[in-house]
Every structure is written in C-alpha cells, then in structure tokens.
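So the chains spell out like this:
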Amino acid sequence: MGRWARLGLALCLAALWAGGLAAADEEGNQDESLESKTLSAEDQVKDHSTGTRVVAGQIFLESGKSDSQSEDAENFHSQEEEKENSLEELNSLEMSNLLNKDLEEAEIQSPVLTAIGGTADGEPCHFPFLFMEKEYAECTADGREDGRLWCATTYDYKKDQKWGFCETEEQSNKRRQMQEAEDVYQTGMKILNESSKKAQKKEAYQYLLKAADMNHTKAMEKVSYALLFGDYLKQNIQSSKELFEKLTEEGSPKGQMALGFLYASGLGVNSSQAKALVYYTFGALGGNLIAHMILGYRYWAGIGVLQSCESALTHYRLVANHVASDISLTGGTVVQRIRLADEVENPGMASGMLEEDLIQYYQFLAEKGDVQAQVGLGQLHLHGGRGVEQNHQRAFEYFNQAANAGNSHAMAFLGKMYSEGSDVVPQSNETALQYFKKAADMGNPVGQSGLGMAYLYGRGVPVNYELALKYFQKAAEQGWVDGQLQLGSMYYNGIGVKRDYKQALKYFNLASQGGHILAFYNLAQMHATGTGVMRSCHTAVELFKNVCERGRWSERLMTAYNSYKDGDSNSAVVQYLLLAEQGYEVAQSNAAFILDQKASIVGENETYPRALLHWNRAASQGYTVARIKLGDYHFYGFGTDVDYETAFIHYRLASEQQHSAQAMFNLGYMHEKGLGIKQDIHLAKRFYDMAAEASPDAQVPVFLALCKLGVIYSLQYVREINIREVFSHIDMDQLLGPEWDLYLMTIIALLLGTIIAYRQRQHQAIPRPAGLRPAVPQQEPPPEHQPPQ
C-alpha cells in the first residue's frame, strides 16, 4: 500500500475513533458555530450521547474514568460499543503509530516553496536561513520597505546573497490589503466591545463598514446583520441580502443561514421554503448553531420537511451541548420573554421589567445601607434581566457592601464570583472557599452548595465526596437548585453514593422546577438514551429545545422588544421573525402581533397571511391567545377565506385545552347565531355560563349576552306557540266568574281615571317659564283697580 494511501486510511480510522463534532467559537457572536459532519440522524444522535461532558453543575463523566463509573446502562454506552466493533481488528496503539509515521513522511514530502525572482529565481527556499544575525523559519518582510515576503535559498544570506520572493506582486498586494482590512476590523471590534454608548457603537460600525468594503469576511457578516436588523446602521434589507449572497458564495455558514432566513420569511426575495431549507442545511453543515436550531424546529414541527423526531433530536442536541458547556456556576444570563399581545390586553399586568424609577429607588435604598436592596441589585447585575444589563463590577460592589454588613447571601454570591472568576473578579479558590464557609456556617444554602462544589472538584481543599454529598443535601433540603442538581449528578454517576437513576431523576426534576438549565439538559440526556426512564424522543426534544432557547442568541428577544418600544416596528419584526424561525413561541406571537398592526416592511396584502402563519405556529406550541386569534382570522376572513367551521374548531380547542373564557364566550355566540354549527340557544347559554365561571372579567359581557339571549328565547317561544288556540282553550267564566267582563271594565276605567288625574296634577305642578309670561303694560293701573292697602 502506498504511503499516501496508508495516510488516508489512518486519517479515516482516526476520524471514526474520535467521532463527534468539534465546537468552534466565532468571537462570542449570537450565532456560534460547530464543525459538523454529514452523519445520518441516528448516527448523530448516538454520537452525542450523555456521559461525555463535564461542565459546572453537570458531572456526566466519560466512560473509562474509573471502575465505579464504568457500570452505565447498555443504552448509555451503545455508541462506544459500535465504535469498538468497527475497529475490533485494529489495535489502537498500532493505529496511532501508523498515523504518526505517515504524518512524519507526509511532512518530509510536503511541497517545497520556490523563490520567485530575486537572485535565485526557481530555486527552493531554505528554512531556516540566517539574516541580520537572526534565523528565520518562514518567509519574512524584514529588510524590505514594501512589505513583500521573501526567503533565502541558502542558509547564510549575507555570505551567498541568494534570495527570491515567496509571493507574486499580486499576491503581495492582496495580502497587504487583507491585513489592512483586518486592522480596521479589529479597531472597530475593540470600540464595539469596550463601549456601551450608542454613538460610539455607531462609530465602530463605520470601521466595520470600511473593512467590509475591503472584502473582510467577518466584517461583512457583522455589517450584513446590522443592516438586516437596523443595529446602529439604517435598516436596508436589500443591501443585507446582497452581502449575504456574497458571503454565501465564499462559503460563510452565517451568510448561508441568513440567506435561508430571507427566503423563509420572504424579506427582499420571493418566499421559497425549498430554497430556505437548502441554505439552512448548508449553514448547518458549515457548523452554524442557529441553522441547526432552525432545522431542529422544522423537523420537530414538520415545517417544509417530513416530521421527524429523531432528526430534530440530532440538531437540538448539537446546540444544547454547546449551550450547556457555556453555563457557568453563576448560571448565565436571564431570558426575558415579554408577549406584546398580553401587554396590550392587560396593560396593568407586570411584564417582568423593572421601571427606571423603581431601580433608582432600590439604588437609593442600597446607598442608605439597606442590605436586602444591595443583595437584590447585586443579583440583578450579576445575571442581567428585567431591564437591567449584566454588570459584574456593580454586582461585586453591591455584594461586598451587603457582605460587610453580615449578609450570608451576599457572602455566598461573592464566593460564586471568586470561584468563577471574571474580568472584574480574579479567580481565587481560597477566597471563594472563605466566603462559602462563612455563608454555610450561617446556614445559607448557596454557601453550602458552594462548599459542596469545592469538595467535589477539590477547589482549595482535598477532594472529599462525603463532605460534598453532605453539603449538597443540606442545600437541597432548603430548596436550592444547585444543591438539587449536584445531588442528581452524584446519584447518576455513583460518586460518593451508590448509583441510583431514580434518585438522580428525582433531583433533576426538582432542579428543573427551579428553572436550572443544566437540569433540563441532564433530563433530556436521560430521556434521549432511556437511562433510568423509558426512552422518549418527544420528551427529550422538548427538553433540549428548552435548553437551546437559553443560548446567548436569546438576548435578541430583549433587543427586539426595545426596538418595538422605541417605535421601530420594522427592526423589531425582523428580529422576532428570525427568532420565530428558531422556534421561540414568544417571538412567533410577537411577530404575528406586529404584522397584525400592518408593519410597513411587508406589503399590505401580505400582512394578514404572514401573521396567520405565525399565529398558527405559536398556537401549535400551546399559546392560548394565538389559538383564539386563529379563530378570529377564520371568523372574519383575515388572510384567509371566511370559514366558521374552522373558527369554531380553534375556539373549541382553546376552550377545552386552555380553558379560555374568551373562547367559551365566542362559542356561545356561534351557537346563539348558528354560525359554523347548528343554532342551539341552550348550548349558547351553557358556554356563556362557563365563560363567566372561567374568568371574573367575563361576567359583565356574559350578563348582557344572557339578557339578550332571554329576549330571543321569549320571542322564539311566542313565535312557536299559536295564541288563538291558547285563548280558545281558556274558559274565562270558569276562571274569573260569570261577570268577569264587568270586573275587567271597572279595572280599566279605574286605571284610565288614575292616569288622567296624574297627568292633570303634573301639568299644574309645572311652573311657567319666565320668558313665556304675557307682557305687562308699563303705565300704572287706575286707583280703583288697585288693591286696598
């Protein structure tokens, strides 16, 4: 077998042995990428099974770590067994030796760089070579003012004066241009990352625009997204589309994903779900995580593809692995989900955002020494959310003030910050341990959990599983999610305790109720592999989807909300549309809500059909208002034909599944009018009554509807009976006596007299208006006509 053939075989075997996909960080942007392989859905699922990651709060260890940890369930290690079976005839050590040997031979036979021009044109470059008393192992621009790369063809340049260029003049110019573009790009990124002021961020994007004009790929990616969303640049869908097309030609996964989004949403192009799917697929193959997430949602919901739970699991698991690996001990940022429709329907309802006045009030209390305000503000700035930006410096200051006042919670969070380390707080296990001990001695669960982590991982203390278990149990008993999560991990892996999947499942469920991302991730892994529970692809996908939606790209939800509040509906709707493609239900409903208000970025005739599409997707994820909106659209014919039967079906679903009072009221009205269903006044009353019971807000409209229904029922009853036939059966002589007519005439006469007397008295009681009195002569009356004095 030839040397290169053996090298190729060795590389293939190494790839099989390694498996998986390598994560690649793209500068912390909102669409980080992973290097992926074109595996089948089932192979990719197996390739990322549980038990292969170690992150904070998650102790799923790799197989073969210790004897006590090699007893996992058969399903849990099925992928390792398959890999071993595929290589059972090849010893791993021999394969490694073969690979190293062939790589060395390949290095020896690598192409030799040939000098261009100079005094040694066509001769091979000699590395290293000596120039100005310095050895060079590669081409250099030293000694030249034009910056063009050159090399020597002998060891000693000074002695032999043999040299040549390493590149043509055209290549040199292109390289210098790209270097200049890189310098401009780095300048822009430095300003962008170090500044929080809008004016400075706009200045940064001017540098990025300049770098993009010089064909700098990363700058083009930043600028194209800024043009798409209107971030610090004027929104221009057409310009962003042109940049995305250019990036796609260059093979950029970000560009491919974004172009797929434009075709999916019909922005700047004619909508084409087929083209969108192609571009999303290419983006995912290039490792773009957002493309993976979009494909995961499409396979889960069956949008443009055949519904496939296993394929959805593949894509969602890839993204969830990346999100879980980013989760730190402090828990990451908070995802704020605000529904625009709920804000309009219930303006007094708290959206979760803190008003600026309220934040200033808390700051005032904190400055006055209020410990609770200091701890609360510290947590807000540590995690971000509720309208407060993440700021570790301010969090550290507030926690420090509260800790000096003796607050155990603040001490524990200071321990967390020192344990993690950041630009503000240097990592220090010793300092973290001191704060954790102080907090734990005061019975604080956060401190107890921190001490457990220290003993579990040996941070500042020797590893001691018994003490770790003890402190985690104390924290879990007080309901602290970190303690519950770590207990679940210890039971799952059998660390310090006997392996017990039921106990692990119990504590993971408890931690998930507290909203811990890693608890969702661990539960998803268990359901995906059938470890400790019956395997359930559907449950695993839902849990992984939950994890994926906590990624850093979720910050775009707040950016879109702020754009909407600032009056920029076009920017907001585009951002919500991209998040809607990723499967965020709140983004789908918000995009539909803005489209319902006639967003100008979409043609007037297209707003209702597009809104209907996103209401439908949000309704399929269980949002009640979206389901009612679907009924309304079909009832009134918005974006579709009037279809009372379909409207009735949506209202009934909202009534039965979500117990919506509005849906019940609408069903009552449709039964009353016989729209889409046979008219039935009795069923109408039943649904009206159910609506009143479901919501106090429905009681007044239900009362009015029932009054109207009573009148309709009475008229219908009168219409149905034969009055003559009724009176013919009534014997007045027998009922009122033989002289009943005299009695009746007397009663009528009395009533008539009473009415006449009442009218006369009323007429006399009304005074005449001053302006209607007769004119009185101005002269005095004669004396005889004067009354006596």
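Please refer to the structure placed before this passage.
Residues take numbers from 1 onward in each chain, read along the sequence in its written order. pLDDT decides what is reported in this predicted model: residues at 70 or higher carry local features, side-chain atom pairs at 80 or more are listed and counted, and totals for whole chains, interfaces and linings draw on all residues regardless. Computation of side-chain values: all heavy atoms of the structure, hydrogens and water removed.

A. The arrangement of the packing of aromatic side chains in detail. Geometry of aromatic contacts follows a simple scheme: Phe, Tyr and Trp rings, the Trp one being its six-membered ring, pair when their centres are within 6.5 Å, and the pair is stacked under 30 degrees between planes, edge-to-face over 60, tilted otherwise. Taken as a whole and assessed by the stated rule, the structure comprises 27 aromatic pairs. Measuring from ring centre to ring centre gives 6.0 Å for Tyr491 and Tyr507, while their planes differ by 5°; the resulting arrangement is stacked. Of this pair, Tyr491 sits in helix 22 (residues 481–493) while Tyr507 sits in helix 23 (residues 501–513); the two residues are 16 residues apart in sequence, bridging distant segments of the chain. Accessibility classification places Tyr491 together with Tyr507 in one group, the buried group. Ring geometry for Tyr636 versus Phe638: centroids 5.8 Å apart, planes at 25°, classification stacked. The positively charged end of Arg339 is found above the aromatic ring belonging to Tyr623, 4.5 Å away from the centroid. Here, a charge over a ring is recorded when the distance from Lys NZ or Arg CZ to the ring centre is within 6 Å and its angle to the ring normal is within 35 degrees. Above the ring of Tyr471, the side-chain terminus of Lys470 is found at 5.5 Å from the ring centroid. Counting from the N terminus, the helices are the DSSP runs of H or I reaching at least four residues and the strands are the DSSP runs of E reaching at least two. Note on exposure labels: buried denotes an accessible area under 20% of the residue type's maximum, exposed denotes more than 50%, and partly exposed covers the range between, all computed with a 1.4 Å probe on protein chains only.

B. The arrangement of helix 24 (residues 517–529) in detail. How far a helix is expected to stretch is found by multiplying one less than its residue total by 1.5 Å. With 13 residues, helix 24 extends 19 Å from end C-alpha to end C-alpha; this agrees with the ideal 18 Å at 1.5 Å per step. Judged by how many residues are buried, helix 24 sits mostly within the fold: 13 of 13 residues are covered. Residue Gly530 follows helix 24 closely and has a positive phi angle near 70°.

C. The arrangement of the state of the cysteines in detail. Disulfide assignment relies on a single distance test, namely cysteine sulfur atoms paired within 2.5 Å. In this structure the tally under the stated criterion is 3 disulfides. Here Cys125 pairs with Cys151 through a disulfide, and the sulfurs are 1.8 Å apart. The sign of the S-S torsion, about -60°, decides the handedness of the disulfide formed by Cys125 and Cys151: left-handed. You can see Cys125 sitting in the loop between helix 4 (92–108) and strand 3 (129–131) and its partner Cys151 sitting in strand 5 (residues 150–152), a full 26 residues away along the chain. Once the bonded cysteines of the protein chain are numbered in order along the sequence, the disulfide links fall as 1-3, 2-4, 5-6.

D. Molecular detail of unusual backbone geometry. Cis rather than trans, the peptide bond between Phe127 and Pro128 has omega equal to -5°. Position of Pro128 among the secondary structure elements: in the loop between helix 4 and strand 3. At Tyr232, a position not held by glycine, the phi torsion is positive, near 65°. Tracing the backbone through its elements, the reader meets Tyr232 in the loop between helix 8 (217–229) and helix 9 (237–249).

E. Region of interest: the side chain of Glu167. With respect to the secondary-structure elements, Glu167 resides in the loop between strand 6 (163–165) and helix 6 (169–194). In protein, a polar contact requires one atom able to donate a hydrogen and another able to accept it; more generally it is a pair of N or O atoms within 3.5 Å, and residues adjacent in sequence count only if both atoms are side-chain atoms. Polar contacts involving the side chain of Glu167 include one to the main-chain amide nitrogen of Leu149, which spans 3.1 Å. Here, residues are in contact when the closest pair of their heavy atoms is within 4.5 Å. Discounting residues that sit within four places of it in the chain, Glu167 has contacts with Ile116, Arg148, Leu149, Ser172 and Arg175.

F. The side chain of Asn590, seen in detail. Its place among the elements puts Asn590 in helix 28 (residues 585–596). Here Asn590 falls in the buried class, since its relative accessible area comes to 1%. Engagement of the side chain of Asn590 in a polar contact is seen with the backbone nitrogen of Leu340, the distance being 2.9 Å. Engagement of the side chain of Asn590 in a polar contact is seen with the side chain of Tyr576, the distance being 3.3 Å. Excluding residues that lie within four positions of it along the chain, Asn590 makes contacts with Ile338, Arg339, Leu340 and Tyr576.

G. Representation of the packing of helix 21 (residues 465–477) against helix 22 within the structure. At a closest axis distance of 8 Å, the pairing of helix 21 and helix 22 adopts a crossing angle of 135°. As summarised for this structure, helix 21 and helix 22 are arranged oblique, according to the angle between their axes. The handedness of the crossing between helix 21 and helix 22 comes out as left-handed. Here helix 21 contributes Tyr465, Ala468, Leu469, Phe472, Gln473, Ala475 and Ala476 to the contact with helix 22, which in turn contributes Gly483, Gln484, Gln486, Leu487, Met490 and Tyr491. Looking at the contact of helix 21 with helix 22 residue by residue, the class counts come to 9 nonpolar, 4 polar and no charged. Each axis is a line fitted through C-alpha atoms, taken for helices only over the stretch in contact, and angles between the N-to-C directions span 0 to 180 degrees. Throughout, the term roughly parallel applies to angles under 35 degrees, roughly antiparallel to angles over 145, roughly perpendicular to angles from 65 to 115, and oblique to all others. Each helix crossing is assigned a hand: it is left-handed if the near helix lies turned anticlockwise from the far helix by less than a right angle, otherwise right-handed if that turn is clockwise. For this classification, Asp, Glu, Lys and Arg are treated as charged, while Ala, Val, Leu, Ile, Met, Phe, Trp, Tyr, Cys and Pro are nonpolar and the rest, including Gly, are polar.

H. Focus on empty space enclosed by the protein. In the cavity and pocket records, a cavity denotes points on a 1 Å grid over the protein atoms alone where a 1.4 Å probe fits but cannot get out, a pocket denotes an open set with protein on both sides within 12 Å along at least 5 of 7 lines, and lining residues are residues with an atom within 4 Å of a point. Grid points are joined across faces, edges and corners, and a volume is the space filled by probe spheres set on the points. Enumeration over the complete set of coordinates arrives at 4 cavities of 30 Å³ or more. Looking at the largest cavity, the residues that line it are Ser419, Asn429, Ala432, Leu433, Phe436, Gly450, Met453, Ala454 and Arg459. Elements that contribute at least two residues to the lining of the largest cavity include exactly helix 19 (429–441) and helix 20 (445–457). With 4 residues, the single largest contributor to the lining of the largest cavity is helix 19. Its residues assigned to classes, the lining of the largest cavity comprises 5 nonpolar, 3 polar and 1 charged.

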